[in-house]
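Analysis of the macromolecular model
Spelled out from the first residue to the last, the chains are:
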Amino acid sequence: MADSSAAPVVGVLALQGDVREHLVALAAADAVARPVRRPEELAEVDGLVLPGGESTTISKLAVLFGVLEPLRARVRAGLPVYGTCAGMILLADKILDPRSGQETVGGIDMIVRRNAFGRQNESFEAAVDIKGVEGDPVEGVFIRAPWVESVGARVEVLAEHEGHIVAVRQANALATSFHPELTGDHRVHSLFVDMVRANRTPESL
């Protein structure tokens, strides 16, 4: 897109969910952060975050705003994308017990279980060791969080909690069950911004 030395432009799908917190975290990770609602805004970003919220609502709004199919196409073409909680569900190629009419963007060869860690009143925080994130464990905020039941051969498991997969990566797609944007620790966002930067850099450089 632009000069590869410039800060990458990373969007947050701003249809529903904790959009503002992701915008703050991305800016702290040295990205130019922008809300994305429409196809023309999607076309201008180097990477995209799919935030937490309600995955069924987000998928239905994505259809309504005409952004679901363009997003699927860009993810298939290699757009770096990061999903947290509901965003992880949206990036799954398959959901166990999906709600009626629920669609996903896809991009990660995994099967995800919705609300696997319990309902809203069973939310919790836990220290999570994430492969690729240096230093102390990341404080994971789990709110009606999913977990990954199984992954395909191309998926790298980055973290587990109590025997359940809670962070994965496949090529340019990253997903976590938890919400790092709520803690003030921006290392996971920095990891994603680094992925975006690497994807923008011409191979000839």
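As the structure is a prediction and not an experimental result, all values here were calculated from the model.

Turning to the overall build of the chain, a few remarks are in order. Counting its regular elements, the chain contains 6 helices and 12 strands. Taken against the 2.2 N^0.38 rule, which gives 17 Å for 205 residues, the C-alpha radius of gyration of the chain at 16 Å falls within 12% of a compact globule. Seen through its C-alpha atoms, the chain measures out along the principal axes to roughly 45 × 40 × 35 Å. Considering only intrachain contacts with a sequence separation of at least 6, the fraction spanning at least 24 residues in the chain is 67%. Surface summary for the chain: the accessible area is close to 9,100 Å², and the carbon and sulfur share equals 48%. Positive and negative charge centroids in the chain, built from 20 and 28 side chains respectively, lie 7 Å apart.

The next point concerns the nonpolar core. Counting residues in each nonpolar core, the largest one holds 33 residues, and the members touching the most others are Leu42, Leu50, Leu71, Ile108, Met110 and Val168. Tallying contributions element by element places helix H5 (residues 86-91) first for this core, with 5 residues. Non-local contacts of Leu42, meaning those with residues more than four positions away in its chain, are made with Val36, Leu48, Val67, Pro70, Leu71, Arg74 and Leu79. In this structure, Val10, Val49, Ala126 and Ala159 belong to the second largest nonpolar core, which totals 32 residues.

Tracing the backbone through its elements, the reader meets Thr176 in strand S12 (residues 173-176). A distance of 2.9 Å separates a polar atom in the side chain of Thr176 from a polar atom in the side chain of Tyr82. Excluding residues that lie within four positions of it along the chain, Thr176 makes contacts with Tyr82, Gly83, Thr84, Cys85, Met88, Val166 and Ala167.

This brings us to unusual backbone geometry. For Glu162, which is not glycine, the phi dihedral falls at a positive 50 degrees. Relative to the elements of secondary structure, Glu162 occurs in the loop between strand S10 (156-161) and strand S11 (164-170). With relative accessibility at 68%, the residue Glu162 sits in the exposed group.

Right, let's talk about the environment of Ala33 for a bit. In this fold, Ala33 is placed in strand S2 (residues 32-36). The exposure class of Ala33 is partly exposed, given its relative accessible area of 26%. The spacing of Ala33 and Leu23 is 10 residues in sequence and 5.4 Å in space, taken between C-alpha atoms. Discounting chain neighbours no more than four positions away, the residues touching Ala33 are Val10, Leu23, Leu26 and Ala27.

Criteria and thresholds
Residues numbered from 1 in each chain as written. Predicted model: local features only at pLDDT ≥ 70, side-chain atom pairs only at ≥ 80, totals over all residues. Heavy atoms only, no water. Helix = DSSP H or I, 4+ residues; strand = E, 2+ residues; numbered from the N terminus. Rg over C-alpha atoms; globule rule 2.2 N^0.38 Å. Contact = heavy atoms within 4.5 Å. Areas by Shrake-Rupley, 256 points an atom, 1.4 Å probe, with all protein chains shown as cover. Lys, Arg positive; Asp, Glu negative; His and termini not counted. Charge placed at Lys NZ, Arg CZ, Asp CG, Glu CD. Core = buried A, V, L, I, M, F, W, Y, C linked by side-chain atoms within 4.5 Å. Buried < 20%, exposed > 50% of the residue type's maximum accessible area, 1.4 Å probe, protein only. Polar contact = N/O pair within 3.5 Å; in protein donor to acceptor, adjacent residues only side chain to side chain.

Purely spatial values, then, with no claim about function.
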